[in-house]
Amino acid sequence: MGKTYERIDGRLRTFIEAQPLFFTATAPLSGDGTVNLSPKGLKGSFAVLDELTVAYLDFAGSNAETVAHLRENGRITLMWCAFQGPPNIVRLHGRGEPVLRDDPRFKELLTHFPDIDPAPHGLRAVILVRAELIRDSCGYAVPYMTYDEDRDLHGRRFAREDDASLDAYFRSKPHIGTSLDGLPGLPLPLPPSTV
C-alpha cells in the first residue's frame, strides 16, 4: 500500500502543507538513550523549501531534545497524518540541523515563514531537514478529527520575554542546555534575536 516518493511536489506537497499538525522524532546514538517524539503546530511555522528540503520554526519550550539529537547525529523523521479527508500518513526520514539565531543563514531562512510572527514565541532556531526517504501509508486507523484553530497560549506566554529573560528561562530548565541523556542541547547564553 505504501509508496516511495522521489521528491516533495504535486499532491504530496499540497497534503503536507495543508496539515495543521505534524510530529518529529529523534534519538541519540546511544541504544539506551531517550527517543523524543514531539507534536508541532502553529500555522505558518512549517515550510517546504525545495523538492527535498523542509524547515520548521523551533520555539521556546521546556526542553531541547530535538536540537540535542540533531547536533549529535542529525537523524530525524517527520510525520503527517490526515485527520480529515482521505486517509493518509506521510513520513519524511532525513538529516536535520538546528540553524541557531547567530547562524548567518538564520535571517534568510525566516523569509520562508511569511505568515507567522516568530517574535512572540521565543524563537530558538530554524530546524532544517533534508529528505533521504519519503513514504506514505494508508492511515486507515487514523481517526477523523477537526482542526478549529491554533491555541494562542504559547504566543501569549513567551511574548512577555525579551532576550535576557528568555535566556534566564532557558537556564532555569534542566533539559534545554543539556538533553535528558546529557547531550549538549541549546547553546547558552542565547544569542540575541534578529527578528
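Located above this text is the structure these notes cover.
Rules behind the numbers
Residues numbered from 1 in each chain as written. Predicted model: local features only at pLDDT ≥ 70, side-chain atom pairs only at ≥ 80, totals over all residues. Heavy atoms only, no water. Helix = DSSP H or I, 4+ residues; strand = E, 2+ residues; numbered from the N terminus. Buried < 20%, exposed > 50% of the residue type's maximum accessible area, 1.4 Å probe, protein only. Contact = heavy atoms within 4.5 Å. Areas by Shrake-Rupley, 256 points an atom, 1.4 Å probe, with all protein chains shown as cover. Lys, Arg positive; Asp, Glu negative; His and termini not counted. Charge placed at Lys NZ, Arg CZ, Asp CG, Glu CD. Core = buried A, V, L, I, M, F, W, Y, C linked by side-chain atoms within 4.5 Å. Phe/Tyr/Trp six-rings, centres within 6.5 Å; stacked < 30°, edge-to-face > 60°. Lys NZ or Arg CZ within 6 Å of the ring centre and 35° of its normal.

> Would you explain the overall build of the protein in this entry?
A tally of regular secondary structure across the protein gives five helices and eight strands. Starting at the N terminus and walking to the C terminus, you meet the elements of the protein as β-α-β-β-β-β-α-β-β-α-β-α-α. The burial tally for the protein puts 44% of its 195 residues in the buried class. The contacts of the protein with a sequence gap of at least 6 include a subset with a gap of at least 24, amounting to 72%. As displayed, the protein has an accessible area near 10,300 Å², and 53% of this comes from carbon and sulfur atoms. Looking at charge distribution, the protein has the averaged site of its 22 positive side-chain charges lying 2 Å from that of its 26 negative ones.

> What is the right way to look at the nonpolar core in this model?
The nonpolar side chains of a soluble globular protein tend to be buried, and buried together. Judged by nonpolar contacts, the single largest core of 32 residues is most densely connected at Ile16, Phe46, Val54, Leu78, Trp80, Leu92 and Phe170. Secondary structure elements with two or more residues in this core: helix H1 (10–18), strand S4 (46–50), strand S5 (53–58), helix H2 (65–72), strand S6 (75–81), strand S7 (89–100), strand S8 (125–137) and helix H5 (163–172). In terms of residues, this core owes the most to one element, S8, which gives five residues. With near-sequence residues (within four places) excluded, Phe170 lies in contact with Ala60, Gly61, Gly122, Arg124, Ile176, Leu186, Leu188 and Leu190. If you look at the next biggest cluster of nonpolar residues, it comprises 14 residues, including Leu42, Phe106, Leu109 and Leu128.

> For this particular structure, what's the right way to read the packing of aromatic side chains?
The geometry of two aromatic rings is summed up by the distance between their centres and the angle between their planes. In this structure the tally under the stated criterion is six aromatic pairs. Centre to centre, the rings of Phe158 and Tyr169 are 5.4 Å apart; their planes meet at 75°, and the pair counts as edge-to-face. You can see Phe158 sitting in helix H4 (residues 153–158) and its partner Tyr169 sitting in helix H5, a full eleven residues away along the chain. Using a relative accessible area of 5% as the deciding quantity, one classes Phe158 as buried. By way of ring pairs, the aromatic residues Phe22, Phe46, Tyr56 and Trp80 are connected into one cluster. The lysine or arginine in question, Arg157, covers the ring of Phe158, its NZ or CZ lying 4.5 Å from the ring centre. The cationic tip of Arg157 hangs over the ring face of Tyr169; the distance from NZ or CZ to the ring centre is 5.0 Å.

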